[in-house]
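# Architecture at a glance
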Amino acid sequence: MKLKTLLVSATVLAGLSLPAIADDSAANKALVLEALENTLLAGDVDAVDRYFAADIIQHNPMFANGIEAQKGVVGFLAGSGNFNAEYIRVIADDDIVAVHARYEGFGPKPVIGFDVFRVENGKIAEHWDNLIDEQPLNPSGRSQIDGATEITDHDLTEANKATVEDFLTRVLIKHEQVDFTQYINPTNYLQHNPQVADGLEGFGAFMAEMAQQGISMDYTEIHKVIGEGNFVLTLSEGTLGADATVFYDLFRLEDGLIVEHWDVIGPMPGVDAAHNEAGKF
């Protein structure tokens, strides 16, 4: 099995050692990365008990709760013989660790996703995710995963989380008329959504085109705001047109303003989902 991962990249290692990171966050990040490497990437079913809680809660609608289902996932990927993972960004916020990744081997096409883990008593106790097939480069020539990776400004974590939550609440939930430059850098905004170009102009053009087609994008609830320094990930639900939708948005901030954005937008699991005992959130 070919292992394509950034676990030993300078960025991740630096992130694990910076003294500004809370000890628990750093330890939990290290645990999740080790668990992924030694179970999913190594295809080692026997290692699952070492890293995952026996009653792990699973929010991916394809998989049931519990350790046996987690072993089934590892066994399935090991049997495929072509599972690869590239971990691009890893942020930790107390007991929550979020991974931005590119995967091969889940299906016929590579997928881009966010995986979110909750750690409790030294084991992974809960998992959320959102995945989408890899898309062509966007109008600005950016992919869904390229861009900045360095984690900085640990002292601004809470302020950055508050800025992002306020932005989503006012703009996408309440649909207030706001000055976007209060939240987004007007001269430096890099966009990784497959359909949207850089800059406020690109964002505005995309929203205008959707409106022209009679398609609205509405957020109804923000379930999680996860941050480490200059990176903030939000897990939200809402609608895209008439369809119930799950929104995972990752923002990078500089000097209190959003300067870069990645996302994964997917359908809300329906009643016909194989497993949805815990719900998507």
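## Things to note about helix α2 (residues 23-41)
In this model, α2 (19 residues) spans 26 Å end to end at C-alpha, consistent with the 27 Å of a helix rising 1.5 Å per residue. Restricting attention to buried positions, one finds in α2 the residues Ser25, Ala26, Asn28, Lys29, Leu31, Val32, Leu33, Ala35, Leu36, Thr39, Leu40 and Leu41. Among the residues trailing α2, Gly43 stands out with phi positive, at a value near 65°.

## Notes on the side chain of His127
Secondary-structure assignment places His127 in strand β5 (residues 123-133). Engagement of the side chain of His127 in a polar contact is seen with the side chain of Asp115, the distance being 2.7 Å.

## Let's talk about the pairing of strand β9 (residues 243-254)
Counting buried positions over the 12 residues of β9 gives 9, a clear majority of the element. The antiparallel pairing of strand β8 (residues 231-240) with β9 creates a hairpin that spans 2 residues between the two strands, and Gly241 there sits at a positive phi of about 65°. As paired strands, β9 and strand β10 (residues 257-267) are joined by 10 bridges and run antiparallel to one another. Along β10, the bridge assignment pairs Val246 with Gly266. Where β9 folds back on β10, the antiparallel hairpin that results is connected by 2 residues, among which Asp255 adopts a positive phi of roughly 50°.

## A few points about the confidence of the model for the protein
Predicted confidence across the protein gives a mean pLDDT of 90, with 92% of residues reaching 70 or more. Across residues 1-21, confidence stays below pLDDT 50; counting only partners more than four residues off in sequence or on other chains, it has 42 contacts.

## Observations regarding the pattern of salt bridges
Using the criterion set out here, one finds 14 salt bridges in the structure. Between Lys161 and Asp93 there is a salt bridge, with the nearest N and O atoms lying 2.8 Å from each other. Residue Lys161 is found in helix α5 (residues 157-173), and its partner Asp93 is found in strand β2 (residues 84-93); the two are separated by 68 residues along the sequence.

## Details of empty space enclosed by the protein
This model, assessed by the stated rule, comprises 4 cavities of 30 Å³ or more. By volume, the second largest cavity is sized at about 40 Å³. Considering the residues around the second largest cavity, the lining is formed by Arg89, Val90, Ile91, Ala98, Val99, His100, Phe114, Leu233 and Leu250. The residue inventory of the lining of the second largest cavity, partitioned by class, reads 7 nonpolar, 1 polar and 1 charged.

## Considerations on the side chain of Asn28
Tracing the sequence through the fold places Asn28 in helix α2. Sequence-distant contacts of Asn28, defined by excluding residues within four places in its chain, comprise Asp94, Asp95, Val97 and Val119.

## As for the sheet that holds strand β7 (residues 217-228)
Strand order across the open sheet formed by 5 strands is β6-β10-β9-β8-β7, with mixed pairing between neighbours. Either end of the sheet is taken by a strand with one partner, and the two such strands are β6 (190-191) and β7. In this sheet, β10 lies alongside β6 in parallel orientation, the contact comprising 2 bridges. In the strand pairing of β10, Leu190 is matched with Glu260. Running at roughly 175° to β7, α5 makes contact with β7, β8, β9 and β10 of the sheet.

Each value, and the rule that gives it
Residues numbered from 1 in each chain as written. Predicted model: local features only at pLDDT ≥ 70, side-chain atom pairs only at ≥ 80, totals over all residues. Heavy atoms only, no water. Helix = DSSP H or I, 4+ residues; strand = E, 2+ residues; numbered from the N terminus. Expected span 1.5 Å × (residues − 1). Buried < 20%, exposed > 50% of the residue type's maximum accessible area, 1.4 Å probe, protein only. Polar contact = N/O pair within 3.5 Å; in protein donor to acceptor, adjacent residues only side chain to side chain. Pairing = 2+ DSSP bridges. pLDDT = per-residue confidence, 0-100. Contact = heavy atoms within 4.5 Å. Salt bridge = Lys/Arg side-chain N within 4 Å of Asp/Glu carboxyl O. 1 Å grid on protein atoms, 1.4 Å probe; cavity = no way out; pocket = protein on both sides within 12 Å on 5 of 7 lines; lining within 4 Å. Points joined across faces, edges and corners; volume = space filled by probe spheres on them. Nonpolar A, V, L, I, M, F, W, Y, C, P; charged D, E, K, R; others polar. Axes fitted to C-alpha atoms, helices over the stretch in contact; angles between N-to-C directions.

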